[in-house]
Amino acid sequence: MTSHIQSPVVQCIAVSKYFGGVKALDGVTLSLSAGEVLALVGDNGAGKSTLVRILTGFYQPDHGELWFGDERVEQLSPRQARELGVETVHQHLLLCDNLDAAANVLLGQEPTRRRLGPLKFIDHRRARTEASRRLSEVGAAIGDLSAPVRQLSGGQRQAIAIARAMAASPRLVMFDEPTAALGTRQTEATLRLIRGVADRGVAALLISHNLDDVFAVADRIVALRQGRLVLDQPAAQANRETVVAAMAGLLAEPSAP
Ligand SMILES: Nc1ncnc2c1ncn2[C@@H]1O[C@H](COP(=O)(O)OP(=O)(O)OP(=O)(O)O)[C@@H](O)[C@H]1O
Ligand SMILES: [Mg+2]
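Predicted model, so just to flag it, every value in this text is computed and none were measured.

Caption draft 1: Focus on the pairing of strand β12 (residues 228-234). Relative to β12, strand β11 (residues 220-225) runs antiparallel, the two sharing 6 bridges. Bridge pairing in β12 places V222 opposite D232.

The structure is reproduced here in structure tokens:
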């Protein structure tokens, strides 16, 4: 499963981020590789979402370096992050509830039929074909693409968000608690889609509080505790006890690389 993992596509080197007196991230060094599912775990407030926001350009680190491939990027902006191929899928999905599934997959890229002056008309039939193609590319199918997305299940909504993220040809897709609101079957389906994202040569970062999910899909497990990286292990060598102990601060921290 891990044979196609390549060199790092994104690296954080000694990244720190402070909010007033709170060290949200404290010298975190982490690399993300193409083809790899990296699970990021840690208790509430450990710094997981802060790391995601730094990699999406929403927060600037106070110290440290960000590398995309062999390019060091200073002052990463949200726009530049997207241009560099960083996509995110959140627990609370930013889908447009009043639009149908196809429109949400294609958001802003719907095929148009003809123009009348400044007006464009969406070609709904072609839009559904294209949306269905993109969904099947990520291994998902949704029966009725013309249904408003508010009628879809949580798992189907995740599939739409993943298909949309993959349409941007990303190098890194980050999932922040994607299964938190899902039942068992939908969780399994979503984890399969996340595996599929990595299998297409993308670095996948999964934040989860659920260690079953983590062990089901991760190639590597990284734990944060109070902003510090306290565990970085291949999933095959890790076990629940070690991960829980790391999150609780009961392990000696790994020495600096
Ligand atoms: N914008 C902000 N302003 C002030 N403090 C912040 C801000 N964002 C995060 N923090 C603080 O930084 C620390 C890390 O928060 P972060 O949201 O990254 O944790 P998390 O690991 O994602 O937690 P959770 O599992 O609860 O989502 C916390 O102490 C939090 O209160
Ligand atoms: Mg968080």
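Caption draft 2: Here's a closer look at the side chain of T190. For T190, the location among the structural elements is in helix α6 (residues 184-199). Reaching out from T190, the side chain makes a polar contact with the backbone oxygen of Q186 at a distance of 2.9 Å. When sequence neighbours within four positions are dropped, the list of residues in contact with T190 reads G155, Q158, P178, T179 and L182.

Caption draft 3: Representation of the nonpolar core in the model. One finds L135, I160, I162, V173, F175 and V197 to be the most contacted residues of the largest nonpolar core, which totals 34 residues. Elements that contribute at least two residues to this core include exactly α3 (101-106), α4 (124-137), α5 (154-167), β9 (172-176), α6 and β10 (203-207). Looking at this core, the element that brings in the most residues is α5, giving 7 residues. When residues of this core are assigned to domains, at least three map to each of domain 1 (1-85 + 170-257) and domain 2 (92-168).

Caption draft 4: Main features of unusual backbone geometry. Positive phi, close to 50°, is recorded for A14, a residue that is not glycine. Mapped onto the elements of the fold, A14 is located in strand β1 (residues 8-19). The residue Q75 is not glycine, and still its phi comes out positive at about 55°.

Caption draft 5: Local environment of the sheet that holds β1. Reading across from one edge, β2-β1-β4-β5 is the order of the 4 strands in this open sheet, with antiparallel pairing throughout. Every other strand in the sheet has two partners, leaving β2 (22-33) and β5 (71-73) as the edge strands with one partner each. Geometrically, the sheet is characterised by an average inter-axis angle of 25° between neighbouring strands, direction not taken into account. Running over the sheet, helix α1 (residues 48-55) touches β1, β2 and β4 (63-68) and is turned about 120° from β1.

Caption draft 6: Broad picture of α5. When the terminal C-alpha atoms of α5 are compared, their 20 Å separation across 14 residues agrees well with the 20 Å that a helix rising 1.5 Å per residue should span. Summarising burial for α5: 10 of the 14 residues are buried, a large majority. What α5 keeps buried is the set G155, R157, Q158, A159, I160, A161, I162, A163, A165 and M166. Tucked into the core, α5 has its buried residues touching β6 (86-90), α3, α4, β9 and α6. A positive phi of about 50° marks S169, the residue just after α5.

Caption draft 7: Representation of the environment of A218 in the model. Mapped onto the elements, A218 comes out in the loop between α7 (211-217) and β11. Each residue touching A218, except ones within four places of it in the same chain, is listed here: V37, A39 and A235.

Here is what the cut-offs are and how they apply
- Residues numbered from 1 in each chain as written.
- Chains lettered and ligands numbered in written order.
- Predicted model: local features only at pLDDT ≥ 70, side-chain atom pairs only at ≥ 80, totals over all residues.
- Heavy atoms only, no water.
- Pairing = 2+ DSSP bridges.
- Helix = DSSP H or I, 4+ residues; strand = E, 2+ residues; numbered from the N terminus.
- Polar contact = N/O pair within 3.5 Å; in protein donor to acceptor, adjacent residues only side chain to side chain.
- Contact = heavy atoms within 4.5 Å.
- Core = buried A, V, L, I, M, F, W, Y, C linked by side-chain atoms within 4.5 Å.
- Buried < 20%, exposed > 50% of the residue type's maximum accessible area, 1.4 Å probe, protein only.
- Domains from an automatic or database assignment.
- Axes fitted to C-alpha atoms, helices over the stretch in contact; angles between N-to-C directions.
- Expected span 1.5 Å × (residues − 1).

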